[in-house]
2 protein chains.
Amino acid sequence: MRVVSVIKRVPDEIKERLIKKFGEVEFYFCHGMKEGRQHIKEADVLITFGEDVTPELLDEAAGLKWIMVLSAGMDRMPFKDIARRNILVTNVRGIHAIPMAEYAISMILQVSRQAKALVQAEQDHQWNRSTPMREINGQTMVLLGTGAIAQETARLAQAFRMKTIGVSKSGSIKPHFDETYSVDRMEEALSQSDVVVAVLPSTKETNYLLKEEHFQLIPSHAIFLNMGRGDLVASHTILQAVNENQISHAVLDVFEEEPLPENHPFWDEEKVTVTPHLSGITPQYLPRGFEIFERNLHAFLNKREEMDNLIDPKRGY
Amino acid sequence: MRVVSVIKRVPDEIKERLIKKFGEVEFYFCHGMKEGRQHIKEADVLITFGEDVTPELLDEAAGLKWIMVLSAGMDRMPFKDIARRNILVTNVRGIHAIPMAEYAISMILQVSRQAKALVQAEQDHQWNRSTPMREINGQTMVLLGTGAIAQETARLAQAFRMKTIGVSKSGSIKPHFDETYSVDRMEEALSQSDVVVAVLPSTKETNYLLKEEHFQLIPSHAIFLNMGRGDLVASHTILQAVNENQISHAVLDVFEEEPLPENHPFWDEEKVTVTPHLSGITPQYLPRGFEIFERNLHAFLNKREEMDNLIDPKRGY
C-alpha cells in the first residue's frame, strides 16, 4: 500500500504523525509532481492540489485507487477518465470556512468601527474620541449562499446577536440561519439587510446575479462584502452603488479581473475596501487538509466507514 | 410621582415610550442639571450621569427616593448623605459589555489579520497576497478580570473556538470561561496566552499589577490588549515589552495619562496600536440605559420585584 503526496512543504510533524500512525503504509512525500512522478506507477493513493492530474498521468498510474485533492475547487480534474477507471476522489470541501468567516467578521467590524479613520488619527497623533462607532450587535446579516463558509460566518454573526438570513437556490433550511430564502425572494432579504455577505460560487446562475436594482433595495447604511466570486456583480455597479449612496461601504476580496489592475478606481474609492483575494488564506490550511486525509485514510483502509467529502466524478462535486 | 431626568439629548422615542407606558408618572426631561434644578424639590426620582449629585442638591431634593445613575462608575457620588437619607441608588453596571467586547474582538482580528499593512497596500495600489494572516480560532485568550465586560468578551472568543482563561481576585467560576484562576496564579495563566485582554478596574490591588516579569512570561507571539485602566501597567514597561519582543503587539485604549500626549512614543511605535479610550462608546448607550431605567421604574412602582443594579451606599458599589 503506497501513498504518494506531491504537496510541497508538508510540515515534518504531519509526515511523522502519518508514518507513525499507519505502519502498514509506505509514504512518499515529494516536492511537487516533478519529483513524485517516478513513484506514480505504483501509487495506490495520490495526494495533490489537483491541477497536475492529467489523463496521461492517470494512464501511468495503473494501480491508483484514490485521489485526495487538497483543494475545494476541482475545475481541471479529468473526471471522465477518473470515472472510467473507478478511482475514488475526495477533496477538502469546507476547508475555507474558518478563515473566511473570520475575514468577514473582521472586515465588518473594521468598517463599523471606522478602522481606517482610527489608523489615520493614530498616524497624526490625534486623540479624537468623536469618530462615530457602530455596533454589529442586533443588526441583520444577509448571506448570499448557505454552504459551509456561509454557515460558519452566520454562526459567528449569531454569536454577535446578529439576525442571519441566508439566500440560496432552494432556500432550504440550514444551520445558523434565522431564516433562509430561495433566490427568487432575494429582493425581500436584501431590503432587510444591515450587512450583505456574498459567498456564492461562480456558476451560470450567479453570473452577474446582482444588478443595480438590487443595490437600490439594500438600505443606504448597509455594508456590502463580496468574498465569493468577482463575476457576481460588475465593478461599475459597485462604484455606482457607493457613489450614489445606495450602500455605505463595499468590502471586496474578489474581482472581475484579478489581480485588480493598478489603475482600477476601487483602490482610491474611500467607500470601497480592497483586499487581494486573501479571505481563505490561513497557516492552518495544510494541517486541516491532512487531518481530512488522515480520517479518510483510516476509512479507506478499514473499508467499513464512509470517507468524507467523496466526489461523484459524474457530477464533478 | 415625579421623575426628573437631567440627561441631555434623550431621543424623543424614548421620552414618548416612557410617558405612554407610565401614565401615572409625571416626567420632566431636562437638558442638564441647570435646567432640571427647578424641579428637584418635588422630584421622587432623579435620572442623572451622577457627577452633578452633591450634598447640597440632596438637601434641596427633600422628597427624593431613588437616583438612577446612567453610568457604571460612581466615584463622585456623596454616598454618606445618600445612606443617611435612605435614597435608593441604581446604576447601569454592565452597559459597556457589548461595545467593549466588540472592540476587543475587532482589534484582535485586526492585528491577527494585519489590517494596517493591508490598508497601506491598498493605498499603494498593491496586490500583495503574501501578507501573513493569523487565525484566532483555537488560540487561548487570557482575560484579566471576569466581570460583565470580560464575560461578554470571553463569550465571543468562545464562539471563535478560542480557549478562555479568566483571572480574578477570587478565581471563582464565571460564565464563558473555560478556566478561572485567582490572581496569585496569574503567571500560570499568562504563560499560556496567545492573547491577553486586560479589563480590570482601577483599585489599590490592580495599580501597576502588571510588571516586566509578567511580560517575560507571555509568549512572544502574543497580543496584549488593555481596555480597562491605564494604571494597570507603566508605559515604559509596554514599550520595553514590544521593543524586546516579549510580545508581538500591544493594543491600548487606556493610558496612564489621557489624552495621550501628542509626543508620546506609543503613537509612532509600529507594534503598538493606540485608540482614544473609545472601546465603550456606542450609539446604543442611552437606549440601553433607559431600558434598565424602565425595568427598574416598573419594579419601583410595583414594589414587588427587585430592582436591577441596586447599589449599597455603604460600600459604593
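Just so it is clear, the structure is predicted and the values come from calculations on it, not from any experiment. (Residues numbered from 1 in each chain as written. Chains lettered and ligands numbered in written order. Predicted model: local features only at pLDDT ≥ 70, side-chain atom pairs only at ≥ 80, totals over all residues. Heavy atoms only, no water.)

(A) Region of the structure containing the sheet that holds strand β3 (residues 45-48) of chain B. Residue and element names in this part refer to chain B. A sheet is described by the order of its strands in space; here five strands give the open sequence β2-β1-β3-β4-β5, paired in parallel fashion. Both outer strands of the open sheet, β2 (26-29) and β5 (88-90), are each paired with one neighbouring strand and no more. Direction aside, neighbouring strands of the sheet carry axes that sit 15° apart on average. As defined by bridge partners, strand β1 (residues 2-5) adjoins β2 across four bridges and the pair is classed as parallel. Across the sheet, Val4 pairs through a bridge with Tyr28, a residue of β2. (Pairing = 2+ DSSP bridges. Helix = DSSP H or I, 4+ residues; strand = E, 2+ residues; numbered from the N terminus. Axes fitted to C-alpha atoms, helices over the stretch in contact; angles between N-to-C directions.)

(B) Here's a closer look at the packing of aromatic side chains. In the structure shown here, the tally under the stated rule is 15 aromatic pairs over all chains. With 5.6 Å between their ring centres and 70° between their planes, A:Trp127 and B:Phe255 make a pair best called edge-to-face. Of this pair, A:Trp127 sits in the loop between α6 (115-123) and β6 (140-144) while B:Phe255 sits in the loop between β11 (249-252) and β12 (272-274), placing the two residues on different chains. Judged by centre distance (6.2 Å) and plane angle (80°), the rings of B:Phe290 and B:Phe293 are edge-to-face. Here B:Phe290 pairs with B:Phe293, and both are found in helix α11 (residues 285-302), just three residues apart, close to one helical turn. This pair shows no difference in class: B:Phe290 is buried, exactly as B:Phe293 is. Through a chain of ring-to-ring contacts, the aromatic side chains of A:Trp66, A:Phe290, A:Phe293 and A:Phe300 assemble into a single cluster. Geometry around A:Tyr181 places A:Arg185 over its ring, the cationic atom sitting 4.1 Å from the centre. (Phe/Tyr/Trp six-rings, centres within 6.5 Å; stacked < 30°, edge-to-face > 60°. Buried < 20%, exposed > 50% of the residue type's maximum accessible area, 1.4 Å probe, protein only. Lys NZ or Arg CZ within 6 Å of the ring centre and 35° of its normal.)

(C) A look at the UniProt feature "domain: D-isomer specific 2-hydroxyacid dehydrogenase NAD-binding" (unreviewed entry) in chain A. UniProt records the feature "domain: D-isomer specific 2-hydroxyacid dehydrogenase NAD-binding" (unreviewed entry) for residues 105-279 of chain A in the present numbering. For residues 105-279 of chain A, the end-to-end C-alpha separation is 11 Å, with 28% helix and 17% strand making up the annotated structure. (UniProt positions renumbered as here; feature names shortened; annotations may be inferred.)

(D) Spotlight on the packing of helix α5 (residues 97-112) of chain A against helix α5 (residues 97-112) of chain B. At a minimum axis distance of 9 Å, the contact between α5(A) and α5(B) shows a crossing angle of 115°. Note on packing geometry: the crossing formed by α5(A) with α5(B) is left-handed. Contacts from A:Glu102, A:Ile105, A:Ser106, A:Leu109 and A:Gln110 in α5(A) reach B:Glu102, B:Ile105, B:Ser106, B:Leu109 and B:Gln110 in α5(B). Residue classes in the contact of α5(A) with α5(B) are distributed as four nonpolar, four polar and two charged. (Left-handed = near helix turned anticlockwise from the far one by under 90°. Contact = heavy atoms within 4.5 Å. Nonpolar A, V, L, I, M, F, W, Y, C, P; charged D, E, K, R; others polar.)

(E) Focus on the interface of chain B and chain A. Contacts between the two partners involve 51 residues from chain B, matched on the other side by 51 residues from chain A. Roughly 4,800 Å² of surface becomes buried between chain B and chain A when both sides are summed, with 57% attributable to carbon and sulfur atoms. Three residues stand out in chain B for area buried against chain A, namely B:Glu122, B:His125 and B:Trp127, and they jointly supply 18% of the buried area on that side. A salt bridge links B:Glu135 to A:Arg288; its shortest N-O distance comes to 2.5 Å. (Buried area = accessible area lost by both parts, 1.4 Å probe. Salt bridge = Lys/Arg side-chain N within 4 Å of Asp/Glu carboxyl O.)

(F) Focus on unusual backbone geometry. Here the residue pair A:Glu258 and A:Pro259 is connected by a cis peptide bond, since its omega of -10° sits within 30 degrees of zero. Tracing the backbone through its elements, the reader meets A:Pro259 in the loop between β11 (249-252) and β12 (272-274). The phi dihedral of A:His176 is positive, around 75°, even though this residue is not glycine. Topologically, A:His176 is positioned in the loop between β7 (163-168) and β8 (179-182). Its identity is not glycine, yet B:Asn86 carries a phi of approximately 55°, on the positive side. Along the chain, the position of B:Asn86 falls in the loop between α4 (79-84) and β5.

(G) How the structure looks around the pattern of salt bridges. Tallied over the full model, the rule gives 32 salt bridges over all chains. A cluster of three or more residues bridged by salt bridges with shared partners is formed by A:Arg2, A:Glu26 and A:Glu42.

(H) Local environment of the sheet that holds β8(A). All names here are of chain A. The seven strands lie next to each other as β8-β7-β6-β9-β10-β11-β12, forming an open sheet whose pairing is parallel. Looking at the sheet topology across the chains shown, the edges are occupied by β8 and β12. Across this sheet, the average inter-strand angle for adjacent strands is 15°, counted without regard to direction. Examined bridge by bridge, β7 and β8 share four bridges and lie parallel to one another. Within β8, the residue paired with Gly166 across the bridge is Thr180.

(I) Looking closely at the relation of the copies chain B and chain A. Overlay of chain B on chain A (RMSD 0.0 Å): rotation 180°, translation along the axis 0.0 Å. Given the turn and translation reported, the copies of this chain are related as if by a two-fold rotation axis. Of the residues that chain B buries at the interface, 100% are likewise interface residues in chain A, meaning the two copies contact each other through the same surface. (Least-squares fit on C-alpha atoms with pLDDT ≥ 70 in both.)

(J) Here's a closer look at α6(A). Along α6(A), the residues that are buried comprise A:Ala115, A:Leu118, A:Val119, A:Ala121 and A:Glu122. Looking down the long axis of α6(A), one finds its buried residues gathered within 160° of arc, a one-sided arrangement. Turning to α6(A), the residues buried within the fold contact α5 of chain A together with α5, α6 (115-123) and β12 of chain B. Two residues or fewer past α6(A), A:His125 is found with a positive phi of approximately 55°. (Arc of directions from axis to C-beta.)

(K) Here's a closer look at the domain arrangement of chain A. We note that the domain assignment places domain 1 (2-93 + 283-302) and domain 2 (97-274) within chain A. Spacing between the C-alpha centres of domain 1 of chain A and domain 2 of chain A amounts to 36 Å. (Domains from an automatic or database assignment.)

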